[in-house]
Amino acid sequence: MAKHIFVTGGVVSSLGKGLTCASIGMLLEHRGLRVRLQKFDPYINVDPGTMSPYQHGEVYVLDDGAETDLDLGHYERFTDAPLTRDCNYTTGKIYLSVINKEREGRHYEGRTVQVIPHVTDEIKAAVRRLAGDDVDVVITEIGGTVGDIESLPFLEAIRQFALDVGRANCLYIHLTLVPYLKAAGELKTKPTQHSVGALRQIGIQPDLLICRTEHPISAEDKDKIALFCNVERTAVIEERDKEFSIYEVPISLVNNGLDEILVKRLGLKTNPLDISDWRAMVNRVLHPDTEVTIAVVGKYMKHRDAYKSVFESLDHAGIANRARVVVRRVEAEEVDRRGAAGLLSGVDGILVPGGFGMRGIEGKIEAIRYARTRGIPFFGICLGMQCAAVEFARSVLGFEDANSTEFAQATHHPVISLMEDQSTIRQRGGTMRLGAWPCVLSPSSLARQAYGVDEIRERHRHRYEFNNAYREAFVADGFIPTGLSPDGSLVEIMEIPDHPWFLAVQFHPEFKSKPIKSHPLFRDFIAAALKHREGSRTEVEARPAAG
Ligand code: GLN
């Protein structure tokens, strides 16, 4: 029978609960256990797909097309646990299911439908759904902060869960903040005491506290936390802020004894921990041989998490190339306003990520023109590919008003347009082309070289597509589709062979990259950028000194 770990958060939000859960999963897997991870989000949207990146950050897409919370990205980057739409539930999704059952009229047999037991039963069923015969540990992260009104049904459900499967099969971890008060010159444990107090009031006694802190927690403070929070002294685990890389988190948790106490408390028989591969990777992060600068030109640059997986994937590609990737975040609108040269000069590669809506489009197109005409490695993702097609159509094919019909319905040259099946859709949620789709690669393309196989599967999240009416014109002038759906109808990858490295994809490769195994396209993009950097250096050295 699977064991369960429930992770709650206290004191403040943004403590890195997702990262901590991912780290726990990674450590258990490196002890040979089969792990599943899931997240409960207390908001009412059925999924984050309809939310603005400003509200929510990135929407993380799974193979099965589920649009999920970005913490699932951490889960996938840290572990090999398979993720499906059963791995992310919101209040909205739980209620939708309860209400649908009520409307069907069979399930509740005429009873009054209530939060307890019907909503909590639905939540518990979602936990149980992951606990198959082939699973040793299910890790369930409860979003939000203890004390929020909206997370109460989830907390009540995980309290009840221990009654169903036995307390010994459940472990409650509370992630909390131990702030440092500069004026007093000390760490403060009171917020943690209060937060655990709030949990105990609703019937959950945490077994383990993971304490986020900027400074080391003294033995004395640990004693105090243990006493007031009613946990064992060894169960107070310090998680110090990591300055350089999030991938150091699991190592620091091991150094603080977390994996030992987890397996002991849950009575799990495991292999000894072997994280040598992870340590080697972190070592590469901390000691790169070289550096490369990549401009990411997007629309939500000010929001830290809007392109989370893109930034992570660039880091992974840096690890694979033993280089530190310095990202220059460029607001697309600024490029439109101030011109590309000032903002993009000196970069070794340019990446235009996905996005929605008109704002910033012209700046992205301008940045792509800069990359194309100067031989700077370019990587376009989803909207980035669509903008590359528009740029090429305008500059090379001479279609001056070329555009995507997302931005200009009346354009004479809709090089990007809606497919028939999308044009009739009225409801917004979950209706894009979503999830993993197969793609066949052309021999001798950059993509084929990178992947090393003929057919791939990558994740999508978009409505608009390359318009096949323009395929011949593009090919004739050298912007070539090098990845197609198996029936040939959808353009998934485009390349300009007559350029050092110009590759654009309709899918989202950033959802399939790991620190230990960089995505091949990101890896080769960074390799091309490093080559470009070498080239431009030699050029500078060869240039005669002024005067
Ligand atoms: N807005 C574009 C579309 O819907 C691109 C989407 C994206 O970049 N994810 O097709």
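Being a predicted model, the structure only gives us computed values, none of them experimental.

A. View of helix 11 (residues 276-286). Taken together, the buried positions of helix 11 are occupied by Trp278, Met281 and Val282. For helix 11, the buried positions fall inside an angular range of 100 degrees around the axis, keeping them on one side.

B. Examining the packing of aromatic side chains more closely. Going through the model one piece at a time under the given rule, you end up with 22 aromatic pairs. Here Tyr54 and Tyr300 contribute two aromatic rings whose centre-to-centre distance is 5.6 Å and whose plane-to-plane angle is 85 degrees, an arrangement assigned as edge-to-face. Note that Tyr54 is positioned in helix 2 (residues 53-56) and Tyr300 in the loop between strand 12 (290-298) and helix 12 (308-320), a separation of 246 residues in sequence. On the accessibility criterion, Tyr300 (7% relative accessible area) is buried. Taking 5.2 Å as the distance between ring centres and 40 degrees as the angle between the ring planes, the aromatic pair formed by Phe78 and Trp278 counts as tilted. Of this pair, Phe78 sits in helix 3 (residues 71-78) while Trp278 sits in helix 11, and the two are 200 residues apart along the sequence.

C. Spatial organisation of the site of the ligand. Taken together, Gly354, Gly355, Phe356, Cys382, Leu383, Gln386, Glu406, Arg461, His462, Arg463, Tyr464 and His508 form the complete shell of residues around the ligand. Within the side chain of Glu406, one N or O atom sits 2.7 Å away from a nitrogen atom of the ligand. The backbone of Arg463 places a nitrogen or oxygen atom 3.0 Å from an oxygen atom of the ligand. When the ligand sits alone it has 300 Å² of accessible area, and the protein chains cover 98% of it. Spatially, the ligand is embedded in the second largest pocket. Elements that contribute at least two residues to the shell around the ligand include exactly helix 16 (383-395) and strand 19 (455-462). In the shell around the ligand, the residues fall into four nonpolar, five polar and three charged.

D. Region of the structure containing the environment of Tyr464. Its location among the elements puts Tyr464 in strand 20 (residues 464-466). A relative accessible area of 15% places Tyr464 in the buried class.

E. Highlighting unusual backbone geometry. The peptide bond linking Ile116 to Pro117 adopts the cis configuration, its omega dihedral lying at 10 degrees. Here Pro117 shows up in helix 5 (residues 115-128). Even without being a glycine, Ser14 presents a positive backbone phi close to 60 degrees. Looking at the secondary structure, you find Ser14 in the loop between strand 1 (3-9) and helix 1 (17-29). Here Ser14 falls in the exposed class, since its relative accessible area comes to 72%. Not every positive phi belongs to a glycine, and Ser444 is a case in point at roughly 60 degrees. Positionally, Ser444 belongs in the loop between strand 18 (433-441) and helix 18 (446-451). Here Ser444 falls in the exposed class, since its relative accessible area comes to 68%.

F. Here's a closer look at a nonpolar patch on the surface. A cluster of nonpolar side chains, Tyr95, Ile99, Val115 and Ile116, forms an exposed patch at the surface whose accessible area comes to about 330 Å². At the level of secondary structure, the elements contributing two or more residues to the nonpolar patch comprise helix 4 (91-104) and helix 5. Mapping Ile99 onto the fold places it in helix 4.

G. Representation of the pairing of strand 12 in the model. Across the nine residues of strand 12, seven count as buried, placing the element largely inside the fold. As paired strands, strand 12 and strand 13 (residues 323-331) are joined by nine bridges and run parallel to one another. Of the residues in strand 13, the one forming a bridge with Val297 is Val330. A crossover links strand 12 with its parallel partner strand 13, the connecting element being helix 12, and its sense is right-handed.

H. The arrangement of the sheet that holds strand 11 (residues 236-240) in detail. Here we have seven strands laid out as an open sheet, ordered 5-2-6-1-7-10-11, and parallel in their pairing. Where the open sheet ends on each side, the last strands, each with one partner, are strand 5 (88-90) and strand 11. Across the sheet, the axes of successive neighbouring strands diverge by a mean angle of 20 degrees, strand direction being ignored. Sheet topology places strand 1 next to strand 7 (residues 170-177); six bridges connect them, and they run parallel. The residue bridging Phe6 from the neighbouring strand is Tyr172, located in strand 7.

I. Quick look at the pairing of strand 22 (residues 491-495). Counting buried positions along strand 22 gives five out of five residues, so the element sits mostly inside the fold. The sheet contact formed by strand 21 (residues 480-484) and strand 22 spans four bridges and is antiparallel. Counterpart to Leu484 in the pairing with strand 22 is Val491. Taken together, strand 21 and the strand that follows it, strand 22, pair antiparallel across an intervening segment of six residues, in which Gly488 is found at a positive phi of about 80 degrees. Of the pairings in the sheet, the one linking strand 22 to strand 23 (residues 502-505) comprises three bridges and is antiparallel in character. The residue of strand 23 that forms the bridge with Glu495 is Leu503. In this structure, the hairpin formed by strand 22 and strand 23 is closed by a connection of six residues.

J. Just the environment of Glu76, in detail. Among the structural elements, Glu76 can be located in helix 3. With relative accessibility at 13%, the residue Glu76 sits in the buried group. Taking the C-alpha atoms as reference points, Glu76 and Ser513, 437 residues apart in sequence, are found 8.6 Å from one another. Residues contacting Glu76, with those up to four places away along its chain left out, are Tyr60, Leu83, Arg459, Phe511 and Lys514. One polar contact links Glu76 to Tyr60, side chain to side chain, over a distance of 2.4 Å.

Parameters and conventions
- Residues numbered from 1 in each chain as written.
- Predicted model: local features only at pLDDT ≥ 70, side-chain atom pairs only at ≥ 80, totals over all residues.
- Heavy atoms only, no water.
- Buried < 20%, exposed > 50% of the residue type's maximum accessible area, 1.4 Å probe, protein only.
- Helix = DSSP H or I, 4+ residues; strand = E, 2+ residues; numbered from the N terminus.
- Arc of directions from axis to C-beta.
- Phe/Tyr/Trp six-rings, centres within 6.5 Å; stacked < 30°, edge-to-face > 60°.
- Near = heavy atom within 4 Å.
- Polar contact = N/O pair within 3.5 Å; in protein donor to acceptor, adjacent residues only side chain to side chain.
- Areas by Shrake-Rupley, 256 points an atom, 1.4 Å probe, with all protein chains shown as cover.
- 1 Å grid on protein atoms, 1.4 Å probe; cavity = no way out; pocket = protein on both sides within 12 Å on 5 of 7 lines; lining within 4 Å.
- Sits in = over half its atoms within 2 Å of the grid points.
- Nonpolar A, V, L, I, M, F, W, Y, C, P; charged D, E, K, R; others polar.
- Patch = residues over 30% accessible without salt bridge, like charges linked within 9 Å, V, L, I, M, F, W, Y side chains within 5 Å.
- Salt bridge = Lys/Arg side-chain N within 4 Å of Asp/Glu carboxyl O.
- Pairing = 2+ DSSP bridges.
- Right-handed = clockwise from strand over helix to strand, strands pointing away.
- Axes fitted to C-alpha atoms, helices over the stretch in contact; angles between N-to-C directions.
- Contact = heavy atoms within 4.5 Å.

Fair warning: the whole summary comes from geometry, so function is off the table for now.
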